[in-house]
Amino acid sequence: EKRLSATCDAPRCARKRIALWRTPDLLIFALKRFSPLHGRKLDRHVDFPLDGLDLAPFTSHGPTATTSSPHTYSLFAVVNHFGSSGYGHYTAFVRDLWGASSSSSAPREDDDDDDDVAEERRRRDQWYRCDDAVVTPVDASVVCSSAAYVLFYSRDAARATWCDDPSGDADRPL
């Protein structure tokens, strides 16, 4: 749509942009999975990142020149729906980003053993399938599926602060 320019009074193509002023520590995306016209479930595969979701291009300040953006997020949970709009079954994938399954909440900085650090990181990134009372470890490759319904992301910079607080007093979102 062409509008009159405020500077030159000539018709120019206008572009509207909505930008985020601040980004939250937690993001929740509910994917549209049900057709409002027919009431059918939409089973189209939606590809979404497990790590590195960067909202910087969508902020009012734009991307920054820093190496680690405060606007990057990692997926930590997915709610899945199987069935149709009238009935179905819900399951979830959850990721142990905070290291709850390990004996320590964060890798030790004074640990020189690379194998221990790698094992801690692997445990921290482990995905689990929750299906009623059954919880099983799964590979990250199964998390993105056509059953994904709700996506939960946490800001990487905020999560690092929560994990590094040895007192356990840091405000945690969950």
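Residues numbered from 1 in each chain as written. Predicted model: local features only at pLDDT ≥ 70, side-chain atom pairs only at ≥ 80, totals over all residues. Heavy atoms only, no water.

### Comments concerning the overall build of the protein
Piece 1. Within the protein, the secondary structure is distributed over two helices and nine strands.
Piece 2. Scanning the protein from its N terminus toward the C terminus, one meets helices and strands in the order β-β-β-β-β-β-α-β-β-β-α.
Piece 3. Across the 174 residues in the protein, those meeting the buried criterion constitute 31%.
Piece 4. Look at the contacts in the protein between residues 6 or more apart in sequence, and 62% of them connect residues 24 or more apart.
Piece 5. Carbon and sulfur atoms form 54% of the exposed surface of the protein, whose accessible area is close to 11,700 Å². (Helix = DSSP H or I, 4+ residues; strand = E, 2+ residues; numbered from the N terminus. Buried < 20%, exposed > 50% of the residue type's maximum accessible area, 1.4 Å probe, protein only. Contact = heavy atoms within 4.5 Å. Areas by Shrake-Rupley, 256 points an atom, 1.4 Å probe, with all protein chains shown as cover.)

### What about the environment of A19?
Piece 1. Its place among the elements puts A19 in the loop between β2 (11-13) and β3 (26-30).
Piece 2. The spacing of A19 and H61 is 42 residues in sequence and 8.6 Å in space, taken between C-alpha atoms.

### Re the confidence of the model for the protein
Piece 1. The share of residues in the protein with pLDDT of 70 or more is 72%, and the mean pLDDT across the chain is 78.
Piece 2. For the stretch residues 102-109, pLDDT sits under 50, and the model shows 14 contacts to residues farther than four places along the chain or on other chains. (pLDDT = per-residue confidence, 0-100.)

### Focus on the nonpolar core
Piece 1. By size, the foremost hydrophobic cluster in this structure holds 16 residues, and its most contacted members are F48, L75, V78, W127, V143, L151 and Y153.
Piece 2. For this core, the secondary structure elements donating two or more residues are β5 (72-83) and β9 (148-155).
Piece 3. The residues contacting V78, other than those within four sequence positions of it, are F48, T91, A92, F93, V143, A148, V150 and L151. (Core = buried A, V, L, I, M, F, W, Y, C linked by side-chain atoms within 4.5 Å.)

### Description of the pattern of salt bridges
Piece 1. Tallied over the entire structure, the rule returns four salt bridges.
Piece 2. A salt bridge links D125 to R95; its shortest N-O distance comes to 3.7 Å. Residue D125 is located in the loop between α1 (114-124) and β7 (127-131), and its partner R95 is located in strand β6 (residues 88-95); the two are separated by 30 residues in the primary sequence.
Piece 3. Since its relative accessible area comes to 33%, D125 is described here as partly exposed. (Salt bridge = Lys/Arg side-chain N within 4 Å of Asp/Glu carboxyl O.)

### What to know about unusual backbone geometry
Piece 1. Even without being a glycine, D132 presents a positive backbone phi close to 55°.
Piece 2. Looking at where D132 falls in the secondary structure, it is placed in the loop between β7 and β8 (134-138).

### What to know about the pairing of β7
Sheet faces and side chains relate simply in a regular strand, where the side chains alternate between the two faces.
Piece 1. Sheet topology note: the β6/β7 ladder contains four bridges and is antiparallel. In the sheet register, R95 faces β7, and the bridge partner there is W127.
Piece 2. Strand direction decides the pairing type here: β7 and β8, joined by five bridges, are antiparallel. Note on β8: the bridge partner recorded for W127 is V138.
Piece 3. Here β7 folds back onto β8 in antiparallel fashion, the turn holding two residues, of which D132 has a positive phi close to 55°. (Pairing = 2+ DSSP bridges.)

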